[in-house]
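# Working through the structure, step by step
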Amino acid sequence: MTSTILSPMVDYYNDEEDLDSVDEDDDRSFRGRDSEEDTEDASETDLAKHDEDDFVEIKEQMYQDKLTSLKRQLQQLQEGTLQEYQKRMKKLDQQYKERLRNADLFLQLETEQVERNYIKEKKAAVKEFDDKKLN
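Since we're looking at a predicted model, the values are computed, not measured. (Residues numbered from 1 in each chain as written. Predicted model: local features only at pLDDT ≥ 70, side-chain atom pairs only at ≥ 80, totals over all residues. Heavy atoms only, no water.)

## Observations concerning the overall build of the protein chain
- Within the protein chain, the secondary structure is distributed over two helices and zero strands.
- Here the protein chain, with 135 residues, has 1% of them falling under the buried criterion. (Helix = DSSP H or I, 4+ residues; strand = E, 2+ residues; numbered from the N terminus. Buried < 20%, exposed > 50% of the residue type's maximum accessible area, 1.4 Å probe, protein only.)

## Details of a negative patch on the surface
- Side chains of Asp-51, Glu-52, Asp-53, Asp-54 and Glu-57 sit close together on the surface and give a patch of like negative charge.
- Of note, Asp-53 is situated in helix H1 (residues 2-79). (Patch = residues over 30% accessible without salt bridge, like charges linked within 9 Å, V, L, I, M, F, W, Y side chains within 5 Å. Areas by Shrake-Rupley, 256 points an atom, 1.4 Å probe, with all protein chains shown as cover. Salt bridge = Lys/Arg side-chain N within 4 Å of Asp/Glu carboxyl O. Lys, Arg positive; Asp, Glu negative; His and termini not counted. Charge placed at Lys NZ, Arg CZ, Asp CG, Glu CD.)

## Quick notes on a nonpolar patch on the surface
- Together, Leu-74, Leu-77, Tyr-85, Met-89 and Leu-92 make up a nonpolar patch on the protein surface, roughly 440 Å² of accessible area in all.
- Here the nonpolar patch gets three residues from one element, more than from any other, and that element is helix H2 (residues 83-134).
- Looking at where Leu-92 falls in the secondary structure, it is placed in helix H2.

## A short note on the pattern of salt bridges
- Tallying each qualifying case throughout the model produces three salt bridges.
- Across the salt bridge formed by Asp-93 and Lys-97, the nearest N and O atoms sit 3.5 Å from each other. Taken together, the residues Asp-93 and Lys-97, both in helix H2 and four residues apart, mark about one turn of the helix.
- Of the residues examined, Asp-93 reaches a relative accessible area of 35% and is grouped as partly exposed.
- Glu-128 is paired through a salt bridge with Lys-132; the nearest N and O atoms lie 3.7 Å apart. In this pair, Glu-128 and Lys-132 are both assigned in helix H2, four residues apart and thus about one turn of the helix distant.
- The class of Glu-128 is partly exposed, set by a relative accessible area of 46%.

## Comments concerning the confidence of the model for the protein chain
- For the protein chain, the average pLDDT comes to 79, and 67% of its residues sit at 70 or higher.
- Note on residues 29-34: pLDDT under 50 across the span, and one contact to partners over four residues away in sequence or across chains. (pLDDT = per-residue confidence, 0-100. Contact = heavy atoms within 4.5 Å.)

Quick look at the structure:
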């Protein structure tokens, strides 16, 4: 009888050993998976860092290119060789010449009008003088 009483206990301990071995196997496989996942996570992190570094590097290169371009444009502007500057100056020069021409035409028109009025007033004054002389 004692064997039957001990038997379930022995089975329990044997089952526990089996469970421990299964737990160890699970732990090993789980740890193994963790380390693989950690490696994948680390790789993804490294890739993200690498991508971020590439992004920062590209952004820095774009900034330097833009800065170089602006410096070149400033130098051209100072030298008067910038194409946009030349176009605007040409347009302003055309506007200036047109305004001078319009001002000259207006001056001529006003001068002619004043001369016509002078001639009319002179004729009117002579006629008035002759009318008074006759009366």
